[in-house]
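A structural walkthrough
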Amino acid sequence: MIEPDETAAARVLRAWGRGVGVRRLQRSEVLLRELASPDIRERMGGMTVGEHDRELFNVRRALFGERLVATLACAGCGERVELAL
């Protein structure tokens, strides 16, 4: 269980550590089990893929805020593109 005074960074690092060596498709479950609220953890087995993904984004938003910034290289020309959502 997460201690009340534990920082978000410590929670994320612990979840990351528990996800090392886990198959890629199972990592999101590890993250939700470590970082989501108790009611979400109880419902995980019966969630649809969409519900699961929504809760994963909710965890991300709670830890890092509303803005999501991504950078990538264009497949055609190699130019770097930044996208903010």
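Coordinates for the structure precede this section.
Residues numbered from 1 in each chain as written. Predicted model: local features only at pLDDT ≥ 70, side-chain atom pairs only at ≥ 80, totals over all residues. Heavy atoms only, no water.

**Here we look at the side chain of His52**
Mapped onto the fold, His52 is located in helix α4 (residues 49-64). The exposure class assigned to His52 is buried, which follows from its relative accessible area of 12%. Residues contacting His52, with those up to four places away along its chain left out, are Ser28, Glu29, Leu32 and Met47. (Helix = DSSP H or I, 4+ residues; strand = E, 2+ residues; numbered from the N terminus. Buried < 20%, exposed > 50% of the residue type's maximum accessible area, 1.4 Å probe, protein only. Contact = heavy atoms within 4.5 Å.)

**A few points about helix α2 (residues 24-35)**
Since the α-helix packs 3.6 residues into each turn, any two residues three or four apart lie on the same face. In a regular helix each residue adds 1.5 Å, so 12 residues correspond to 16 Å; α2 covers 17 Å between its end C-alpha atoms and thus fits that length. All of the buried residues along α2 are Ser28, Val30, Leu32, Glu34 and Leu35. In this fold, the buried residues of α2 make contact with α1 (8-19), α3 (38-43) and α4. (Expected span 1.5 Å × (residues − 1).)

**Re the environment of Glu29**
Summarising the element assignment, Glu29 is placed in helix α2. You can call Glu29 partly exposed: its relative accessible area is 35%. When the C-alpha atoms of Glu29 and Gly76 are compared, they prove to be 34 Å apart, with 47 residues separating the residues in sequence. Setting aside residues up to four positions removed in sequence, Glu29 forms contacts with Met44 and His52.

**Looking at the packing of α2 against α4**
Between α2 and α4, the least distance of the axes is 10 Å, while the angle of their chain directions is 55 degrees. One finds that α2 runs oblique with respect to α4. Where α2 crosses over α4, the two elements pack in a sense that is left-handed. Where α2 abuts α4, its residues Ser28, Glu29, Leu31, Leu32 and Leu35 lie against His52, Glu55, Leu56, Val59 and Leu63. Of the residues that constitute the contact of α2 with α4, the class distribution is 6 nonpolar, 2 polar and 2 charged. (Axes fitted to C-alpha atoms, helices over the stretch in contact; angles between N-to-C directions. Parallel < 35°, antiparallel > 145°, perpendicular 65-115°, else oblique. Left-handed = near helix turned anticlockwise from the far one by under 90°. Nonpolar A, V, L, I, M, F, W, Y, C, P; charged D, E, K, R; others polar.)

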